[in-house]
Amino acid sequence: METLQTEIEPAASSTDKVLFRKQVQHELDETRQEAEAAYALDKEIDPIPDSAYNDTLVLLEMLCNYKLPMPEVSWAEDGSFSIGWYLDEGIITMGIYGDDLVIYNAFFEEKRQFEGICALSDTPMLSGFLKMLTNILM
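The shown structure was predicted, so the numbers you read here are calculated from the model rather than taken from an experiment.

Focus on the pairing of strand β2 (residues 80-87)
(1) Moving on: Burial runs high along β2: six of the eight residues are buried.
(2) Moving on: Pairing geometry for strand β1 (residues 72-76) and β2, over five bridges, is antiparallel. Within β2, the position partnered with S74 by the bridge is S82.
(3) Moving on: Connecting β1 to the next strand, β2, in antiparallel fashion are three residues, including G79 with a positive phi near 85 degrees.
(4) Moving on: In this sheet, strand β3 (residues 90-96) lies alongside β2 in antiparallel orientation, the contact comprising seven bridges. Along β3, the bridge assignment pairs W85 with I92.

Right under this line is the structure:
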């Protein structure tokens, strides 16, 4: 099976990847701390499982390979991470619950939209979505 790395044209430099990974780790740690603090105050909020944290880290590292800009990282009360880009003409989001699935949505003006669910390990499907993101965001 092909990997995402073999489909990248051109790959980000190793310096860019190191900086991106540091930023990713910082964003995830900060977001996770916010979610844990909220959960400590309100037990009706679902805690974010370690698997969601790990899946989000994997997905964000894939974004680095496609040279995509760092998205906003947030958490939801249902125990998921959300990453998104908020553009003047629309919104693109990805939800990660820690079950090896990525739920993605993109909504733009004039009723243009696409959405789907794919396994984080489904390289061809996820690669196609990330290539679309590259065309939209770059």
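The structure having been displayed, the exposition proceeds.
Let's talk about the environment of E77
(1) Moving on: Within the fold, E77 resides in the loop between β1 and β2.
(2) Moving on: According to the relative accessible area criterion, E77 is exposed, its value standing at 55%.
(3) Moving on: Note: C-alpha distance between E77 and D16 (61 residues apart in sequence) is 32 Å.
(4) Moving on: Ignoring sequence-local partners within four residues, the contact set of E77 consists of I45 and D46.

Considerations on helix α1 (residues 14-41)
(1) Moving on: Taking 1.5 Å of rise per residue, the 28 residues of α1 would be expected to cover 40 Å, and the 41 Å separating its terminal C-alpha atoms lies within 8% of that figure.
(2) Moving on: Among all positions of α1, only K17, F20, V24, L28, T31, R32, A35 and A38 are buried.
(3) Moving on: Of the surrounding secondary structure, the elements contacted by the buried residues of α1 are α2 (50-65), β1 and β2.

Side note on the pattern of salt bridges
(1) Moving on: For the structure on display, the rule yields three salt bridges.
(2) Moving on: Salt-bridge contacts for R21 lead to E61; the nearest nitrogen and oxygen are separated by 3.1 Å. Linking R21 in helix α1 with E61 in helix α2, this pair joins segments that are 40 residues apart in sequence.
(3) Moving on: The exposure class of R21 is partly exposed, given its relative accessible area of 36%.
(4) Moving on: The exposure class of E61 is partly exposed, given its relative accessible area of 27%.
(5) Moving on: The salt bridge involving E36 is made with R32; its shortest N-O contact spans 3.7 Å.

Considering a negative patch on the surface
(1) Moving on: Judged by side-chain charge, D42, E44, D46, E77 and D78 come together as a negatively charged surface patch.
(2) Moving on: Topologically, D78 is positioned in the loop between β1 and β2.
(3) Moving on: Residue classification places D78 among the partly exposed residues on the basis of a relative accessible area of 36%.

Things to note about the packing of aromatic side chains
(1) Moving on: Tallied over the full model, the rule gives three aromatic pairs.
(2) Moving on: With a centroid separation of 6.3 Å and 50 degrees between ring planes, the pair formed by Y53 and F81 is classed as tilted. Of this pair, Y53 sits in helix α2 while F81 sits in strand β2, and the two are 28 residues apart along the sequence.
(3) Moving on: F81 sits in the buried class, given a relative accessible area of 0%.
(4) Moving on: Sitting above the plane of the Y53 ring, R32 keeps its charged end 4.4 Å from the centroid.

What counts and how
- Sequence order sets the numbering: in each chain, residues are counted from 1 along the sequence as written.
- Local features in this predicted model are restricted to residues whose pLDDT is 70 or higher, and side-chain atom pairs enter the listing and the counts only when it is 80 or higher, whereas totals over whole chains, interfaces and linings include all residues.
- Heavy atoms from the whole structure form the basis of all side-chain values; hydrogens and water molecules are not counted.
- Type-normalised accessible area, obtained with a 1.4 Å probe on protein chains alone, sets the label of each residue: buried when under 20%, exposed when over 50%, and partly exposed for intermediate values.
- Put simply, DSSP marks the helices as runs of H or I at least four residues long and the strands as runs of E at least two long, and each gets a number from the N terminus on.
- In this analysis, strands are considered paired if DSSP registers two or more bridges between them.
- Here a residue-residue contact requires only that any non-hydrogen atoms of the pair lie within 4.5 Å.
- Helices are assigned an expected span. That span is 1.5 Å times one less than the residue count.
- Throughout this description, the term salt bridge denotes a Lys or Arg side-chain nitrogen within 4 Å of a carboxyl oxygen of Asp or Glu.
- Each patch groups residues whose relative accessible area exceeds 30% and which form no salt bridge, using 9 Å between like charges and 5 Å between nonpolar side chains of Val, Leu, Ile, Met, Phe, Trp and Tyr.
- All accessible-area figures derive from a Shrake-Rupley calculation using a 1.4 Å probe, and residue coverage is judged against the displayed protein chains alone.
- In this tally Asp and Glu are treated as negative and Lys and Arg as positive; neither His nor the chain ends contributes.
- Positions of charges follow a simple convention, taking NZ of Lys, CZ of Arg, CG of Asp or CD of Glu.
- Under the pairing criterion, centres of Phe, Tyr and Trp rings, with the six-membered ring standing for Trp, must be within 6.5 Å; the plane angle then separates stacked pairs below 30 degrees from edge-to-face pairs above 60, leaving the rest tilted.
- In our convention, an over-ring charge means Lys NZ or Arg CZ found within 6 Å of a ring centre and within 35 degrees of that ring's normal.

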